[in-house]
Amino acid sequence: MSVTNYVLWCYILSYSGPLLSALPLPFPPASTSLLISNMGPEEMTKSEYKEKGGFRASAFVFGLALVTIQAYSKDLHPTYCGKSSCIKGGMAVMLYASLALLALGSGGVKGALPALGGDQFDQKDPKEAKALARFFNWLLLSTTLGACIGVTGIVWVSTEKDWYWGFFISTVATFIGFVVLALGKPYYRLREPTPSDSPIIRIAQVIAVAIKNRRLALPENPDELFEMNEKEKVFREETISHTNQFRCLDKAAIVTNDSKLTPWTVCTVTQVEEVKILTRMLPILGSTIIMNTCMAQLQTFSVQQGNIMDRHLGKKEVPAPSIPVIPLAFMSILIPIYELFFVPFARKITHHPSGITQLQRIGVGLVLSAISMTVAGVVEVKRRNQALKDITKPISLFWLSFQYGIFGIADMFTLVGLLEFFYKEAPVCMRSLSTSFTWLSLSFGYFLSTLFVNIINSVTKRITPSKQGWLHGLDLNQNNLNLFYWFLAILSSLNFVNYLYWASWYKYTPEEPDPDTKPKDLSTGPPLAKEENTLDGGAKETNDAPSSVQTEDAKQ
């Protein structure tokens, strides 16, 4: 489970930037850029973006370089001691430092890249709205193709040539990607800087002030709540009018007679509404955790299954580390088919830029993940029965393609749906924070994977006649892995029912493009938009100011 735990921390670190940006670090921008790895372009000035955004990739390059050096130098290899871990001293420091940099860089890129890419498109322009939906599909495809190369070509070089060559090729490829990212800097659409605080701080302020004012009564007229004046609105890219949901948070915007107008004593309505929007997203986030728990099983137990199956493809043997290429291959084929054929067809029926809504797309993925776990249990029964019958004639590795293929399709639907959902629905100043919710769901899923394995083993060894857990030991032929898969299938089905409730409860923020408004270059400010209603009668509206979006009061 150590690999699962490491992947968990890689996803958790997609939040490293927002968390570190909340700290009052006494460093100049250049030094701070070596710490913050996940601030989105909407949360920093252009110069800061160049420094801090670049570190997301540079940390990963540096971490890979350290791993390459340690893999190449025999002097940095530990002497075998017969224990599970023989590394210690300076070698251990170097190894763990490089792994930490890899996790930090990987997490930073995952959190920032979707927001950066999404900001290159004007959602108010019909053509660019379609291109935005297309971007997330191609982002997943590029990631999938890179992973395919990693688990095939890199694995082949590492096993046939030498171990360090795989790390070296990865380091060179990542460095080239970093250079391409830097060269494209002049062409990116970047928003004008606004004097806004860290999203984490803004959220903390609302919660802290709301708790402090919990005994105060809310005014009958929401217009009496505190909001920015017209001069302050000029420096804000977006203002959001009041909504009636989660009224307890409105207490953060109550102004009392003895209130000092500071961020930690009273919050604006816009700031409160930003927290409300993120709060509405949390049930959707929670409903996808079980699916990511299933994904963790396919990356652990299914690989163990493949190791004891017939891995021959004709006369060639498939390396065990290349087993995950099966779902990646399915996704690489299906993503273009989905984008080029399904989306245009669905768009004619639904008139939605993405073909189907983001929540519908997530729901399809959740259903397929439950089916995948059911099929995985059936395949495991067949594999184990054949192994017990004649261990010298195992079934083919490609029986796993059924569960891998179905889950690959599920991942294609859910992952892109989540990224697009969190990006489009989030406040402008919190888009990189909200898109990181996708990776937060993955990290929770991997955590639950480890937790479920431990709990299932602990419970089943007490109630089974053999007094052994379903997943005890390392011999899958003596385990009941199929029962664990079916347990996850039942859990996924119940989770889908839970998701249906929250998906029907959630209301999208309507986005209707203004045909009379020409798209505006984001490099000179945010695009102009027509007035649009939000949940519970709120309204968003932009004006002609180059770096602000002004909002009128909600119209009843």
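What you are looking at is a predicted structure, and each value in this text was computed from that prediction instead of being measured.

> Sorry, what's going on with the overall build of the chain here?
Helices and strands together make up the secondary structure of the chain, namely 17 helices and four strands. Of all 556 residues assigned to the chain, the portion counted as buried reaches 51%. Of the roughly 26400 Å² of accessible surface on the chain, 66% is carried by carbon and sulfur atoms.

> Looking at this structure, I do not really get the side chain of serine 158. What am I missing?
Here serine 158 is to be found in helix H6 (residues 126-160). Among the polar contacts listed, one links the side chain of serine 158 to the backbone oxygen of isoleucine 154, at a separation of 2.9 Å.

> Help me understand the packing of H6 against helix H7 (residues 163-183) in this model?
A pair of packed helices is characterised by two quantities: the angle between their axes and the separation of those axes. At their nearest, the axes of H6 and H7 sit 5 Å apart, and the two run at 145° to each other. For the pair H6 and H7, the sense of crossing is right-handed. Here Ile154, Val157 and Ser158 of H6 lie close against H7, whose contacting residues are Trp163, Trp165, Gly166, Ile169 and Ser170.

> Please explain the pattern of salt bridges as it appears in this structure.
When their charged atoms lie close together, side chains carrying opposite charge are able to pair. Across all of its chains, the model carries eight salt bridges by this definition. Salt-bridge contacts for glutamate 273 lead to lysine 276; the nearest nitrogen and oxygen are separated by 3.1 Å. Taken together, the positions of glutamate 273 and lysine 276, both in helix H10 (residues 269-287) and three residues apart, correspond to about one turn of that helix. Per residue, the accessibility class of glutamate 273 equals that of lysine 276, and both read buried. Linking glutamate 317 and arginine 311 is a salt bridge whose minimum nitrogen-to-oxygen distance equals 3.3 Å. Overall, glutamate 317 belongs to the partly exposed group, its relative accessible area being 46%. When salt bridges that share partners are traced, they join Arg247, Asp250, Glu273 and Lys276 into one network.

> I keep staring at the packing of aromatic side chains and nothing clicks. Help me out?
We describe a pair of aromatic rings using the distance from one ring centre to the other and the angle between the two ring planes. Overall, the coordinates contain 19 aromatic pairs when judged by the stated rule. Each ring, one from tryptophan 399 and one from phenylalanine 402, has its centre 5.8 Å from the other, and the planes form 45°; the classification is tilted. For tryptophan 399, a relative accessible area of 33% translates into the label partly exposed. Owing to a relative accessible area of 46%, phenylalanine 402 belongs among the partly exposed residues under this scheme. Aromatic rings pair up to connect Tyr72, Tyr164, Trp165 and Phe168 into one cluster.

> What exactly am I supposed to notice about the environment of phenylalanine 330 here?
In this fold, phenylalanine 330 is placed in helix H13 (residues 325-350). In the structure, phenylalanine 330 is positioned 79 residues away from isoleucine 409 in sequence and 7.4 Å away in space, judged by C-alpha atoms. Not counting residues up to four positions away in its chain, the partners in contact with phenylalanine 330 are Ser401 and Gly405.

> Where do I start with H13 in this structure?
Turn by turn, an α-helix covers 3.6 residues, leaving residues three or four places apart pointing in a common direction. Of all the bends in H13, the greatest, near 40°, is centred on tyrosine 338. Looking only at H13, the buried set comprises Ile326, Pro327, Leu328, Met331, Ser332, Ile335, Tyr338, Glu339, Val343, Ala346 and Arg347. The inward-facing, buried residues of H13 contact H6, helix H14 (358-389) and helix H15 (401-425).

What counts and how
- Residues numbered from 1 in each chain as written.
- Predicted model: local features only at pLDDT ≥ 70, side-chain atom pairs only at ≥ 80, totals over all residues.
- Heavy atoms only, no water.
- Helix = DSSP H or I, 4+ residues; strand = E, 2+ residues; numbered from the N terminus.
- Buried < 20%, exposed > 50% of the residue type's maximum accessible area, 1.4 Å probe, protein only.
- Areas by Shrake-Rupley, 256 points an atom, 1.4 Å probe, with all protein chains shown as cover.
- Polar contact = N/O pair within 3.5 Å; in protein donor to acceptor, adjacent residues only side chain to side chain.
- Axes fitted to C-alpha atoms, helices over the stretch in contact; angles between N-to-C directions.
- Left-handed = near helix turned anticlockwise from the far one by under 90°.
- Contact = heavy atoms within 4.5 Å.
- Salt bridge = Lys/Arg side-chain N within 4 Å of Asp/Glu carboxyl O.
- Phe/Tyr/Trp six-rings, centres within 6.5 Å; stacked < 30°, edge-to-face > 60°.
- Bend = angle between axes of the 7 residues up to and from the residue.

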